[in-house]
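# Report on the structure
Below, each chain spelled out in residue letters.
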Amino acid sequence: MNQKVLIIIPAYNEAEGIRRVIADVRHHIPYADILVVNDGSSDLTGDEAAKEGVLVVNLSCNLGIGGAVQTGYKYAQRHGYQYAAQLDGDGQHNPRDFDRLLGELQQSRTDMVVGSRFMEKQGFQSTFARRIGIDLLSGLLTLLLRRKVTDPTSGYRICGPRAIALFAQEYPADYPEVEALVQLDNCGCTFSEVPVVMRQRLTGSSSIRALGSVYYMVKVILSVLITRTKKKEKKWDLGYEN
Amino acid sequence: MKIDVFILSFMICMIFLGITIYLIRNGKLREQYAILWLILTAVMMLLSLFPSLIDFMAKQIGVSYAPSLLYLLGLISVLFILLHLTIAVSSLTARFIVLTQKIGMLEQENLALRQGNKEISADPAIQMIEAEN
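All of these numbers come straight from a predicted model, not from anything done at the bench. (Residues numbered from 1 in each chain as written. Chains lettered and ligands numbered in written order. Predicted model: local features only at pLDDT ≥ 70, side-chain atom pairs only at ≥ 80, totals over all residues. Heavy atoms only, no water.)

## A short note on the overall build of chain B
Along the backbone of chain B there are 5 helices and 0 strands. Mapped from its N terminus to its C terminus, chain B presents α and β elements in the order α-α-α-α-α. A buried classification covers 16% of the 133 residues belonging to chain B. Total accessible area on chain B is roughly 10300 Å²; 72% of this is exposed by carbon and sulfur atoms. (Helix = DSSP H or I, 4+ residues; strand = E, 2+ residues; numbered from the N terminus. Buried < 20%, exposed > 50% of the residue type's maximum accessible area, 1.4 Å probe, protein only. Areas by Shrake-Rupley, 256 points an atom, 1.4 Å probe, with all protein chains shown as cover.)

Written out as structure tokens, the structure is:
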């Protein structure tokens, strides 16, 4: 295999479902290495994942989703992976869609491909209240980035070398998905979206709870706007590209 | 001798200065953070020794009730110290994230190396080479 692919699965207290998710991913994406980032779980998530024989990085404290995913990108950069994808450990993201994501990344020559659940409006479409929030964010991003963004909150992504290097260096700590898109665009990198079908989560609950949703919106909008003001004129580049 | 409020506040400043220096000496307060407190103490001392300074400043910038200027100064100082503290906490968080990630990855690599070594020594061909040496 001339292409090295790393699947990053961030997991926090997912001991029940993690083995099933790993088996599912391995079944559909047999050519990829799987890295479970155990984000300081208080249960046996790390041990359960290790039983499946995948790569496991145990974080000694809970860093939140951003810190966990970034660990994966750092790992990918350190070990020379050409592609790194993130996929939630709760079964929402269907590994069956992965080949299309990878294909799009290779074909379109963009730096990142995002799986969007709203392009073809199939599968689990999130709850009504959450849809309003997502619509607001995608409107904001469409405006700021001057291009159509349908699902900015999707955490189903695959990154090429430039995006891996960028995220390994800098990645938002909490609620990172939306901000990461702006970061990518700031640095002159590109991304595209591919329709995917998302499922309702198998286990665990969303990191965004009812009371936290106001904080989520405020934090994300604020950080998106602030990140946008950091836009550099110079294109961000890897010195050793190609 | 009658103890007036200015002597009293000067004494409070002295005690505060003493505590600050004691904490620095014991390594419980880093100089980096102590400098702000020391500056604040110095200003408070100056003002309690020469209370007319406040009246003078109030007249200069047109504050009719001089003590309110004191409150303003106090509030601004405290706000700056609080901002300084939250900056310090943010910087600590950033470093802590980097460290936690690094430790996690090193642990994983360490484990992989040890398991790799075990596999190698379990390999009969290498066992023979090791036995020959």
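## Some points on the layout of surface pockets
All names here are of chain B. Here the second largest pocket defines a volume of roughly 690 Å³. Around the second largest pocket, the lining comprises 26 residues; the ones closest to its centre are Val43, Met44, Leu47, Leu70 and Gly74. Residue assignment for the lining of the second largest pocket shows that the elements contributing at least two residues are α1 (5–25), α2 (31–49), α3 (52–60) and α4 (66–122). Among the elements that take part in the lining of the second largest pocket, α4 stands out by supplying 10 residues, more than any other. Looking at the lining of the second largest pocket residue by residue, the class counts come to 21 nonpolar, 4 polar and 1 charged. Here the lining of the second largest pocket gathers at least three residues from each of two domains, domain 1 (1–49) and domain 2 (65–132). (1 Å grid on protein atoms, 1.4 Å probe; cavity = no way out; pocket = protein on both sides within 12 Å on 5 of 7 lines; lining within 4 Å. Points joined across faces, edges and corners; volume = space filled by probe spheres on them. Nonpolar A, V, L, I, M, F, W, Y, C, P; charged D, E, K, R; others polar. Domains from an automatic or database assignment.)

## Quick look at the interface of chain B and chain A
Tallying the contact residues gives 12 residues for chain B and 16 residues for chain A. Taking both partners together, chain B and chain A bury about 1200 Å²; carbon and sulfur atoms supply 61% of that area. The interface formed by chain B and chain A contains 1 salt bridge. The closest approach of N and O atoms between glutamate 109 of chain B and arginine 78 of chain A, which form a salt bridge, is 2.7 Å. Linking chain B to chain A there are 7 residue pairs in polar contact (both at pLDDT 80 or more). The class makeup of the residues in the side of chain B that touches chain A is 5 nonpolar, 4 polar and 3 charged. (Contact = heavy atoms within 4.5 Å. Buried area = accessible area lost by both parts, 1.4 Å probe. Salt bridge = Lys/Arg side-chain N within 4 Å of Asp/Glu carboxyl O. Polar contact = N/O pair within 3.5 Å; in protein donor to acceptor, adjacent residues only side chain to side chain.)

## Thoughts on the UniProt feature "transmembrane region" (unreviewed entry) in chain B
All names here are of chain B. Feature annotation in UniProt places "transmembrane region" (unreviewed entry) on residues 6–24, 36–58 and 70–98, given in this structure's numbering. In residues 6–24, the share of helix is 100% and the share of strand is 0%. The end C-alpha atoms are 27 Å apart. The span residues 36–58 is 91% helix and 0% strand, and its two end C-alpha atoms sit 24 Å from each other. (UniProt positions renumbered as here; feature names shortened; annotations may be inferred.)

## A word on the domain arrangement of chain B
Residue and element names in this part refer to chain B. Per the domain assignment, the segments of chain B are domain 1 (1–49) and domain 2 (65–132). Tallying the contact residues gives 6 residues for domain 1 and 5 residues for domain 2. Between domain 1 and domain 2 the total buried area reaches about 570 Å² when both faces are included, carbon and sulfur atoms providing 88% of it. For the domain 1 face of the interface with domain 2, the top three residues by lost area are Tyr33, Leu36 and Leu40, together amounting to 70%. One can count 0 salt bridges joining domain 1 with domain 2. Summed over the shared surface of domain 1 and domain 2, the number is 0 residue pairs in polar contact (both at pLDDT 80 or more). Tallied by class, the residues present in the side of domain 1 that touches domain 2 amount to 5 nonpolar, 1 polar and no charged.

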